[in-house]
Amino acid sequence: MSSGSTKGSAIFSGFRALGLYSNHLAHVVRYHKKHQQFYVVTAVGKCFHTYNVKKLGIVAVSNALPEDITCLAADRMLVFVAHGKLVTAFARNKEVVHTYTGHGADVHLLQPFGDHIISVDRNNVVIVWDVQSEDEYLQMAHDKASFEISAVMHPSTYLNKILLGSCQGSLQLWNVKSNKLLYTFTGWGSEVTVLQQAPAVDVVGVGMVSGHIVLHNIKYDESLMKFQQDWGPVTALSFRTDGHPVMAAGSPIGHIGLWDLEDKKLIGQMRDSHSTAIAGLTFVHTEPLLISNGADNAIRMWIFDTLGGGGRLLRCRTGHSAPPTKIKHYGQNGQQILSAGQDGTLQSFSCVHERFNKNLGHGSINKKKSKKKGLKLDTMKLPAIMTFAAETARQSDWDGIIACHRGYLITTTWNYQKTSMGAHKLEPERFDKNRALNVQATVVDITSCGNFAVVGLSSGHIDVYNMQSGIHRGHYGDSKAHDGPVRGIAVDGLNQLTVSAGADRLVKLWKFKSKELLHAVTLGASPSRTLLHRDSELLAIALDDFTLNVMDLETRRIVRKFPGHRGQINDMTFSPDGRWLVTAAMDCTIRTWDLPTGVMVDCFLVDAAVVSLSMSPTGDFLASAHVDSLGVYLWSNKALYSMVSLRPLPSDFEPSVVVLPGTCPVPDDVSDEDIDTSSDTMIDYVSKQQLDEQLVTLSLLPDSRWKNLLNLDIIKKRNKPKEPPKVPKAAPFFIPTIPGLMPQFAALEDPSAKEQSKVVNFGVLPQKSNFFLQLEDAWVTNDYATPPQLLKDMGPSAIDMELRALAPDMNGALEQMQAFLRMVGAMLDSKRDFDLAQAYLALFLKLHLRLVSQESALMDEALKVLQRLEGTWMDMQTLFNQSLCLLAYTKSALL
């Protein structure tokens, strides 16, 4: 195979992304008249999601766009999306139905306007489009120096009019139909960020960079009231429409302020509603529900049903607000993925449905103090989790997850069932007197029984703790286990061995219970990480020179070495059966190594380097987390549902780039030919009739066709009917068939033919069969290839009848009996259909043994067949002995 000939991946296919819910763009709320319910639309990269407000469950995912979405808007029928210089309209939340081209710069504002859509680009050009015809209805250009558009809205009941806000602070009211500027509002000397229609006619809420919020009557150009928030610019505004005069305002630091419009005062603060800026706020029409979203990858729904005016969290969909650092499947069903992010949280994403997602929270030194202080003032927060280990064996009894944090000596336990941080913080006592040492936990592992945790430190120490009590249960080595930082730690499935790898280039095997050193292996370079497959006891070791070693713990030797990566190896994962090792490195490749054959069978590139990998325990999905990406991406294993041809890839193989799986299916414009890769096609292999001349080949016939030939008389006697068959009263019509294994229709009798004579013609009875005639021809030509093929198509009874008919007293001849023995000899010489030759010969001798012993010609042929049988069996016995000897050596010898 030439390098670069394979497209994409031969094994993995992009399936979907988990944990992506929102970005920095404001959401849009729509009302579906037919369904009579509200939907919220959020942008996620190159597509948008639609959730129902009732349960905040995902309803639809749009087709992917070529560029990231920059603005969202919606009316009762369509969803409008801006990406680059284009504006696209989607129907049914999924399909592109209209595309509007004409802008010279990126579009950043959209406003639905009846049968039209208004778009504003970065060059300050306003274009009004006809929705159905996609024609440009009107284009307006403004001078950026005097009026740079920053917000747009359509005042309620103002026919053909739009209100524009500017970075200079002024507002303009335009008539779109006549293309006239109707009025200019001087503004308040600060950039306008938000324009929002109030429930009262003629009143508009104006949010500004200065933090001022003004409710302005645009009919009389009067300011009704003015508020000031101290949290920076106003990012979003919304008004309650369920009878309570309340306005909500968003801020860049994640706080939401609630203002009473009657008393003109602040009545509530919803602090830390989001960890980033509030992107959008919307009160659901005539309901006490507030929907908010932010760049922290979260959608939250708040309900106002308590005294005091504040809202409580009703539902939410949250993911990581910073990229994940480590992911790992949890449990044996492969339905949950644990993910630790740079935002300090530990979350669980469900591969089945988002309602099963869990957020285990943020690590803290003291949870009680953290709750009192709040998130922003929390000095007790632990940094991000760098790696963790999990086990489900005792999860219902005590904590089953242990994690180590960036730069911290303390390792924390977590409880999956309680969805919270655990009861213990594991820390060795040896560093109590000298806290200035820069020592941190680097690697962790949990035994398969869930009772013990093993922690490796950057100082070279390895400690064992009890997971139930958190008590220190010993350490490995006299003073240290390694002279440098511990890079890998693992315990086998039976708690017999502990394997550690350190920066001192040593892999050490210890007795788990007695902590005694059993063996040490020196590596060619310093290891960066290790991974143990407990079922097969294979230890994968990633080295700093970008190579991979695989060590067999039973023989304690390196059994595989894999060069090929061109960057630091970030993570590894085994397939459940231990046959594949999947690795990812900073060279943006994901490579699959076949361990039995020792070759690379798959390799593909991704846009962003993979930081963590995890193969499902059921083998159906590969999960990956990437640099600067908030989601967890699933790749389906094509080997489970289709035929996959895996070929060894050459060392100079150049992989192609595979797009990360989205939360949406493949776009409609991608044909099946583009999806199918050349590596997926199976090679049509036609097996040879004889693999080697020294080997004996058996037939492919079922045992019932030849195994019971010697016992045919017993079978017939056993199956003899007790009563004669009764003729049915009204037998159904069937087309008559000829008896045999292959069904064939009998020729229909001609009704016009004369009545046949009842006198038996004895000359017709001794007719020769086709097999008998083929033996006659073979006796003359000495070619015995055709007669065995005829016997293969016959059943046991037919074969028995044919062999009986070879005797002279059954109208046969001695020459045909000699020809049959020669046929068997030819089958033995060819070493094909060895089982059939033995069965046919055994039946022949059973039927004609006395005649063979009396005729010298038959006896000579039988002796020749005997010599061939003995020679063939000696060859077979030699091959058997060689195989048994090799097998016994591999089982007993230490390789």
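Look up a bit, the structure's there.
A quick note: this is a predicted structure, and the numbers were derived from the prediction, not measured.

> Explain the overall build of the protein chain here, please?
A tally of helices and strands in the protein chain yields 9 helices and 58 strands. For 895 residues, the compact-globule formula gives about 29 Å, and the C-alpha radius of gyration of the protein chain, at 40 Å, lies well above that figure. Projected onto its principal axes, the C-alpha positions of the protein chain cover 130 × 95 × 60 Å. When each of the 895 residues of the protein chain is scored for burial, the buried share is 49%. Considering only contacts in the protein chain between residues 6 or more positions apart, those separated by 24 or more positions represent 46%. Only carbon and sulfur atoms are counted for the fraction: they give 53% of the accessible area of the protein chain, which is about 44,900 Å². Between the mean site of the 88 positive side-chain charges and the mean site of the 90 negative ones, the protein chain shows a separation of 8 Å.

> Got a minute to help me understand the side chain of Gln-816 in this structure?
Secondary-structure assignment places Gln-816 in helix 7 (residues 814-830). On the basis of relative accessible area, Gln-816 is assigned to the buried category, the value being 6%. Ignoring sequence-local partners within four residues, the contact set of Gln-816 consists of Phe-772, Leu-775, Glu-776 and Leu-806.

> Explanation requested: the pattern of salt bridges in the structure shown.
Think of it this way: side chains of opposite charge can pair up when their charged atoms draw near. As enumerated under the stated definition, the model contains 22 salt bridges in all. Arg-300 is paired through a salt bridge with Asp-296; the nearest N and O atoms lie 3.6 Å apart. The buried category is assigned to Asp-296, whose relative accessible area is 5%. A salt bridge links Asp-463 to Arg-430, with the shortest nitrogen-to-oxygen separation between them at 2.6 Å. Taken as a pair, Asp-463 in strand 40 (residues 462-466) and Arg-430 in the loop between strand 37 (420-426) and strand 38 (441-446) lie far apart in primary sequence, 33 residues in all. A residue is classified by how much of its surface remains accessible, and Arg-430, at 32% relative accessible area, is partly exposed. One network of salt bridges, with partners in common, ties together Glu-391, Asp-445 and Arg-534.

> Would you mind going over the nonpolar core with me for this structure?
For soluble globular proteins, the rule of thumb is that nonpolar side chains tend to be buried together. Counting residues in each nonpolar core, the largest one holds 34 residues, and the members touching the most others are Leu-791, Ile-799, Leu-806, Phe-820, Met-823 and Val-824. Where this core is concerned, the elements lending two or more residues are helix 4 (770-781), helix 6 (796-804), helix 7, helix 8 (834-854) and helix 9 (856-892). Element by element, the count of residues in this core is highest for helix 8, at 9 residues. Beyond its immediate sequence surroundings of up to four residues, Met-823 is in contact with Phe-771, Tyr-784, Pro-787, Pro-788 and Leu-791. Among the nonpolar cores identified, the runner-up in size contains 20 residues, and Val-601, Phe-604, Val-606 and Leu-660 belong to it.

> I'm lost on helix 6 in this one. Help?
Spacing of three or four residues puts side chains on the same side of an α-helix, whose turn is 3.6 residues. For helix 6, the complete set of buried residues consists of Pro-796, Ile-799, Asp-800, Glu-802 and Leu-803. Each buried residue of helix 6 sits inside an arc of 165° when the element is viewed along its axis, so together they form one side. Residues of helix 6 that are buried sit in contact with helix 3 (712-718), helix 4, helix 5 (786-792), helix 7 and helix 8.

> Any chance you could explain empty space enclosed by the protein here in plain terms?
Leftover empty space is mapped by rolling, across the atoms, a probe with the size of a water molecule. Here the structure, examined in full by the defined rule, presents 2 cavities of 30 Å³ or more. The space that makes up the second largest cavity amounts to roughly 40 Å³. For the lining of the second largest cavity, the elements supplying multiple residues, two or more each, are helix 3, helix 6 and helix 8.

> What am I meant to see in the sheet that holds strand 29 (residues 312-318) here?
Two modes of strand pairing occur in sheets, parallel and antiparallel, and in both the strands are linked by backbone hydrogen bonds. Pairing is antiparallel in the open sheet, where 4 strands are placed in the order 26-27-28-29. Only two strands of the sheet have a single partner each, and these edge strands are strand 26 (278-283) and strand 29. Sheet twist, expressed as the mean angle between neighbouring strand axes with direction ignored, is 15°. The sheet contact formed by strand 27 (residues 289-294) and strand 28 (residues 298-303) spans 6 bridges and is antiparallel. Within the sheet, the bridge partner assigned to Ile-291 lies in strand 28 and is Met-301.

> Before we go on, may I ask you to explain the packing of aromatic side chains in this structure?
Describing an aromatic ring pair means giving the distance of the ring centres and the angle of the ring planes. Counted under the stated rule, the structure contains 14 aromatic pairs. Ring geometry for Phe-15 against Phe-621: centres 4.9 Å apart, planes inclined by 35°, an arrangement best described as tilted. Residue Phe-15 is found in strand 1 (residues 12-18), and its partner Phe-621 is found in strand 55 (residues 621-626); the two are separated by 606 residues along the sequence. When its relative accessible area of 16% is taken as the criterion, Phe-621 is described as buried. Relative to Trp-259, the ring of Phe-227 has its centre 4.8 Å away and its plane inclined at 40°; by these criteria the two rings are tilted. Of this pair, Phe-227 sits in strand 21 (residues 222-228) while Trp-259 sits in strand 24 (residues 256-260), and the two are 32 residues apart along the sequence. The same class applies to Phe-227 as to Trp-259, namely buried. In this structure, Lys-515 packs its charged tip against the face of Tyr-476, placed 5.7 Å from the ring centre.

> Would you explain the side chain of Thr-282 in this entry?
You can see Thr-282 is positioned in strand 26. Within the structure, the side chain of Thr-282 is placed 2.9 Å from the side chain of His-27, a separation counted as a polar contact. Every residue in contact with Thr-282, bar those within four places of it in the chain, is listed here: His-27, Val-29, Ser-238, Leu-289, Leu-290 and Ile-291.

> Before we go on, may I ask you to explain the pairing of strand 45 (residues 517-522) in this structure?
A regular strand carries its side chains on alternate faces of the sheet. Note that strand 44 (residues 506-511) and strand 45 share 5 bridges and pair antiparallel. In the sheet register, Trp-510 faces strand 45, and the bridge partner there is Leu-517.

> Any chance you could explain the packing of helix 7 against helix 8 here in plain terms?
A packed helix pair is summarised by two numbers, namely the angle formed by the two axes and the spacing between the axes. Orientation of helix 7 relative to helix 8, taken along the N-to-C sense of each, is 155°, at an axis distance of 10 Å. Viewed along their axes, helix 7 and helix 8 adopt a mutual orientation that is roughly antiparallel. The handedness of the crossing between helix 7 and helix 8 is left-handed. Contacts between helix 7 and helix 8 involve Leu-814, Met-817, Phe-820, Leu-821, Val-824, Met-827 and Leu-828 from the first element and Phe-834, Leu-836, Ala-837, Tyr-840, Leu-841, Phe-844, His-848 and Leu-851 from the second. Here the residues of the contact of helix 7 with helix 8 are counted per class, giving 14 nonpolar, 1 polar and no charged.

> How should I be thinking about the pairing of strand 3 (residues 37-44) in this particular structure?
Where burial is concerned, most of strand 3 is hidden: 7 out of the 8 residues are buried. Pairing geometry for strand 2 (residues 28-32) and strand 3, over 5 bridges, is antiparallel. Of the residues in strand 3, the one forming a bridge with Val-28 is Val-41. Here strand 2 folds back onto strand 3 in antiparallel fashion, the turn holding 4 residues, of which Gln-36 has a positive phi close to 55°. For strand 3 and strand 4 (residues 47-52), the ladder comprises 6 bridges, and the chain directions are antiparallel. Residue pairing across strands places Tyr-39 opposite Asn-52, the latter belonging to strand 4. In sequence, strand 3 turns back onto strand 4 through a hairpin of 2 residues, with Gly-45 there showing a positive phi of about 65°.

What counts and how
Residues numbered from 1 in each chain as written. Predicted model: local features only at pLDDT ≥ 70, side-chain atom pairs only at ≥ 80, totals over all residues. Heavy atoms only, no water. Helix = DSSP H or I, 4+ residues; strand = E, 2+ residues; numbered from the N terminus. Rg over C-alpha atoms; globule rule 2.2 N^0.38 Å. Buried < 20%, exposed > 50% of the residue type's maximum accessible area, 1.4 Å probe, protein only. Contact = heavy atoms within 4.5 Å. Areas by Shrake-Rupley, 256 points an atom, 1.4 Å probe, with all protein chains shown as cover. Lys, Arg positive; Asp, Glu negative; His and termini not counted. Charge placed at Lys NZ, Arg CZ, Asp CG, Glu CD. Salt bridge = Lys/Arg side-chain N within 4 Å of Asp/Glu carboxyl O. Core = buried A, V, L, I, M, F, W, Y, C linked by side-chain atoms within 4.5 Å. Arc of directions from axis to C-beta. 1 Å grid on protein atoms, 1.4 Å probe; cavity = no way out; pocket = protein on both sides within 12 Å on 5 of 7 lines; lining within 4 Å. Points joined across faces, edges and corners; volume = space filled by probe spheres on them. Pairing = 2+ DSSP bridges. Axes fitted to C-alpha atoms, helices over the stretch in contact; angles between N-to-C directions. Phe/Tyr/Trp six-rings, centres within 6.5 Å; stacked < 30°, edge-to-face > 60°. Lys NZ or Arg CZ within 6 Å of the ring centre and 35° of its normal. Polar contact = N/O pair within 3.5 Å; in protein donor to acceptor, adjacent residues only side chain to side chain. Parallel < 35°, antiparallel > 145°, perpendicular 65-115°, else oblique. Left-handed = near helix turned anticlockwise from the far one by under 90°. Nonpolar A, V, L, I, M, F, W, Y, C, P; charged D, E, K, R; others polar.

Function-wise, these values are silent; they only describe arrangement.
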